[in-house]
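# Observations on the three-dimensional arrangement
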Amino acid sequence: MEIWIYFTLLAATMQAVRTAGQKQLSTKLNSMATTGVRYLYALPFAWCYLWWMLDFKQLAVPALNNSFLQYALIACVMQIWGTACLVAAFRYRNFAVATSLAKTEAIQVAIVGALFFGATLSGLGWFSVVVGVAGVFLVSKVKYRLRDILADSQGLIGMGYGLAAGLGLAITTLLIRESSLALNTDLMLSAAVTLVFMITVQSVISLIYISLQDKAQLPLMLKHWRLCLFVGITSVLGSIGWFTAASFQNAAYVKALGQVEFFITLALTYRVFKETITLKEYAGMFLIVLSVVILLLWA
């Protein structure tokens, strides 16, 4: 298999685990503090990874040119925004609807990439993305009764946060690829440099914002350090996967394959809780697998 596939599978697995940690952490911290933990606790591990990569590749750190800085700085803000929207969605009724709508990130990457980044897909590529998104909706166990959702203001807000999260994270993925390619060096190294730069900037932004918004969150971030460390480690491992995969392959294909995250989440849930899988969920898993097969063999 191509290298981007391995890194995408790593990313999807770690993101499934990290999201579970963030969901638990969101009951102890506010949205921005929960988001900030993802960066602050990941920062030292990201720097260690870059140091190892420089030693492994025997290369120097590439110059951070203007194109890189422009793409990476915008990506920093968009990822914070997307993550904060996703965490905020946990707090609203119908949060399952909101979080499953965040999974439209794959189709949003394809659309935004085609419109603004020249990242076109083949016909089978588009079909793969759409089939995968349909599968995610089926396994999400969410009942979309539009009349009920429209009548529930909290549900509408949650839906808005879910779609905003998907858009923010979609734009982030596209900008990560542009940032990495702008360094014009070994792609493994450029992905690591992009990762460290973004996490460093995001840590500073998050720390300043939390200090100004609600200083009481800072001691709580230390109090719950075990859960925060878990989120930080799984976050940096997932980010290594996403950043590297996006450097090697069209971001839409990376996110399309990354939809196996939902399959992994479902499999872990049933493994732990021994629940029965419904026919609808089997159909959703089939569509996700079909999407991946189409993507890897024919798209």
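Scroll up for the structure.
Quantities reported herein were computed from a predicted structural model and do not represent experimental measurements. (Residues numbered from 1 in each chain as written. Predicted model: local features only at pLDDT ≥ 70, side-chain atom pairs only at ≥ 80, totals over all residues. Heavy atoms only, no water.)

### Let's talk about the packing of aromatic side chains
Quick note on the threshold: Only Phe, Tyr and Trp rings take part, Trp by its six-membered ring, and two of them pair if their centres are within 6.5 Å. Stacked means planes under 30 degrees apart, edge-to-face means over 60, and tilted covers everything else. The secondary structure listing takes helices from DSSP runs of H or I that are at least 4 residues long and strands from runs of E that are at least 2 residues long, numbered from the N terminus. Relative accessible area decides the class of each residue, using a 1.4 Å probe on protein chains only: under 20% of the type maximum gives buried, over 50% gives exposed, and in between gives partly exposed.
Taken as a whole and judged by the stated rule, the model has three aromatic pairs. Residues tyrosine 49 and tryptophan 52 carry aromatic rings whose centres are separated by 6.2 Å and whose planes lie at 25 degrees to one another, so their mutual orientation is stacked. A residue pair is termed a helical-turn pair when its members lie 3 or 4 positions apart in one helix, as tyrosine 49 and tryptophan 52 do in helix α3 (residues 43–57) at three residues. Classification of tryptophan 52 by relative accessible area gives partly exposed; the value is 42%.

### Considerations on helix α10 (residues 187–213)
Just so we agree on the cut-off: Helix span is expected to be 1.5 Å times the residue number reduced by one. Definition of a polar contact: a pair of N or O atoms within 3.5 Å, with one able to donate and the other able to accept a hydrogen when the atoms are protein atoms, and with sequence-neighbouring residues admitted only if both atoms are side-chain atoms.
For α10, with 27 residues, the first-to-last C-alpha span of 38 Å sits near the 39 Å given by 1.5 Å per residue. Between the side-chain oxygen of the N-cap and the backbone nitrogen of methionine 188 there are 3.1 Å, and the N-cap of α10 in question is aspartate 186.

### Describing a nonpolar patch on the surface
The condition is simple: Each patch is built from residues that are more than 30% exposed by relative accessible area and take part in no salt bridge. Like charges join if they lie within 9 Å; nonpolar side chains (Val, Leu, Ile, Met, Phe, Trp, Tyr) join within 5 Å. Using a 1.4 Å probe, the Shrake-Rupley method yields the accessible areas, and only the shown protein chains count as cover for residues. By salt bridge we mean one thing: a side-chain nitrogen of Lys or Arg within 4 Å of a carboxyl oxygen of Asp or Glu.
Together, Phe263, Val289, Val293, Leu296 and Leu297 make up a nonpolar patch on the protein surface, roughly 390 Å² of accessible area in all. Here the nonpolar patch gets four residues from one element, more than from any other, and that element is helix α15 (residues 279–297). Inspection of the secondary structure assignment puts phenylalanine 263 in helix α14 (residues 260–273).

### Concerning the pattern of salt bridges
Evaluated as defined, the whole model comprises two salt bridges. Across the pair lysine 57 and aspartate 186 runs a salt bridge, and its minimum N-O distance is 3.5 Å. Linking lysine 57 in helix α3 with aspartate 186 in the loop between α9 (153–182) and α10, this pair joins segments that are 129 residues apart in sequence. Assessed through its relative accessible area of 26%, lysine 57 is described here as partly exposed. Of the charged contacts in the structure, one is a salt bridge between lysine 255 and glutamate 105, with a shortest N-O distance of 3.0 Å. Here lysine 255 is found in helix α13 (residues 251–258), whereas its partner glutamate 105 is found in helix α6 (residues 105–116), with 150 residues between them in sequence. Residue lysine 255 shares its accessibility class with glutamate 105, and that shared class is buried.

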